[in-house]
Amino acid sequence: RSRPRQTWGQDREDIPVTMGGKNSKPEAEKIINGKAIAATIREEIKVEVAELKAKYGKAPGLAVVIVGNRPDSQTYVRMKRKACDEAGIVSFHKEMPEDCSEEDVLQVVRDFNADPDCHGILVQLPLPKHMNEEKVLAEISLEKDVDGFHPLNIGKLSMKGHEPLFMPCTPKGCIVLLERSGVDLKGKNAVVVGRSNIVGMPAALMLMKKDCTVTVVHSRTKDPVDICRRADVIIAAAGSAHMVKKNWIKKGAVIIDVGTNSVPDATKKSGFRLTGDVDYDEAIKRADLITPVPGGVGPMTIAMLLSNTLDSGRRSIAN
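The text that follows walks through the structure, step by step, so that each part is easy to find. (Residues numbered from 1 in each chain as written. Predicted model: local features only at pLDDT ≥ 70, side-chain atom pairs only at ≥ 80, totals over all residues. Heavy atoms only, no water.)

1. A few points about the packing of helix 6 (residues 169–180) against helix 7 (residues 200–209)
The cut-off we apply is this: Fitting a line to C-alpha atoms yields each axis, with helices limited to the stretch in contact; the angle taken between N-to-C directions then spans 0 to 180 degrees. In this text, helices come from DSSP runs of H or I with a minimum length of four residues, and strands from runs of E with a minimum of two, each type numbered from the N-terminal end. To sort the angles, those under 35 degrees are grouped as roughly parallel, those over 145 as roughly antiparallel, those from 65 to 115 as roughly perpendicular, and the leftovers as oblique. By the definition used in this description, the sense in which the near helix is turned from the far one sets the handedness, with an anticlockwise turn below a right angle giving left-handed and a clockwise turn giving right-handed. Contact definition: two residues touch when any of their heavy atoms are within 4.5 Å. Residue classes follow a fixed rule: Ala, Val, Leu, Ile, Met, Phe, Trp, Tyr, Cys and Pro count as nonpolar, while Asp, Glu, Lys and Arg count as charged, and any other residue, Gly among them, counts as polar.
Two elements in contact, helix 6 and helix 7, have axes whose closest approach is 8 Å; the angle formed by their N-to-C orientations is 40°. One finds that helix 6 runs oblique with respect to helix 7. Considering how the two elements wind past one another, helix 6 and helix 7 form a crossing that is right-handed. In this structure, helix 6 uses Pro171, Lys172, Ile175 and Leu178 to contact helix 7, whose residues at the interface are Pro202, Ala203, Met206 and Leu207. Considering only residue class, the contact of helix 6 with helix 7 consists of 7 nonpolar, no polar and 1 charged.

Next comes the structure, spelled out in structure tokens:
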């Protein structure tokens, strides 16, 4: 998809601050520590899983299906299995060769759909090119769609008065970070930068459910700087390093940075470092609260996956 150009509005320091007041909070107090919040949530989940097991003799189960041997996918799967073990969630793991057929993967998903000990199914993406990802993901039972991307879950997320069984993990993590940081979302002007199906669009829907007035900024938006400068809350999820500059942000705004971008850095052994979509060093001077990268949204994604699995297990086991 097209990405917004990093040059948007970089010469717009003259835009007046139309909302927000004096912001004298020390910078250390402005940081939303996603790693610490995620650790607290995972401890809470561990306690609830133990209570469920003590009462019913059964723990929630999460199945992860991985096809091929991509190093990044293998790393993500190991992290998820480790998180499950620490929380007391039963972890099912099915590793399949790169050259297996789409039907083989569909059958594995069907088997997990039918397994009463499995309460959540996650197919690690990307799949090999000879497979239809949409078809494979659609095979996952609605009741076990802990990634939250089943069309019915997204459909209910978009409807007033309806609640999905699950919400996508990363945008759900953004909302939980805001709430646990004491941000009252009701009536706030919120801007989501980016409109991906994975983060941007579901984040906008979740903010609307929290009674925010929401604008989505994307690569065809006219004058995105002016729009962002009116926002009380910005969720940056465009996938473009340091795109959101200080002059995009009004004083006192709250910034959630979902971006994870690799940029060259000769001081690192790897030759690069991770950075977000927001120019953090400058943005923190204007924001009231802001997430760092890394250590902000990232740890929340797995915490929300565990949370969704616990919710699914609780529904199934208690019934």
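Continuing now.
2. What to know about the packing of aromatic side chains
Spelled out, the test is: Two rings from Phe, Tyr or Trp (for Trp, the six-membered ring) form a pair when their centres are within 6.5 Å of each other. A pair whose planes differ by under 30 degrees is stacked, one over 60 is edge-to-face, and the rest are tilted. Two limits define a charge over a ring: the Lys NZ or Arg CZ must be within 6 Å of the ring centre, and within 35 degrees of the ring normal.
Counting across every chain of the model gives 1 aromatic pair. On the numbers, 6.2 Å between centres and 55° between planes, the contact of Phe92 with Phe112 is tilted. Separated by 20 residues along the polypeptide, Phe92 in strand 2 (residues 90–96) and Phe112 in helix 3 (residues 102–114) bring together distant segments of the chain. Of note, Arg315 hangs over the ring of Phe166, and the distance from its end group to the ring centre comes to 4.9 Å.

3. Side note on helix 6
Because an α-helix completes one turn every 3.6 residues, residues spaced three or four positions apart along the sequence face the same direction. What counts is decided by this rule: A helix is expected to span 1.5 Å multiplied by its residue count minus one. Whether a residue is buried, partly exposed or exposed follows from its accessible area with a 1.4 Å probe, protein chains only, as a fraction of its type maximum: under 20%, in between, or over 50%, in that order.
With 12 residues, helix 6 should reach 16 Å at 1.5 Å per residue; the first-to-last C-alpha distance of 16 Å fits that figure. Burial of helix 6 is extensive: 10 of the 12 residues sit out of reach of the surface. Looking only at helix 6, the buried set comprises Cys169, Thr170, Pro171, Lys172, Gly173, Cys174, Ile175, Val176, Leu177 and Leu178. Of the surrounding secondary structure, the elements contacted by the buried residues of helix 6 are helix 1 (34–56), helix 7, strand 6 (233–236), strand 7 (254–257) and helix 10 (298–318).

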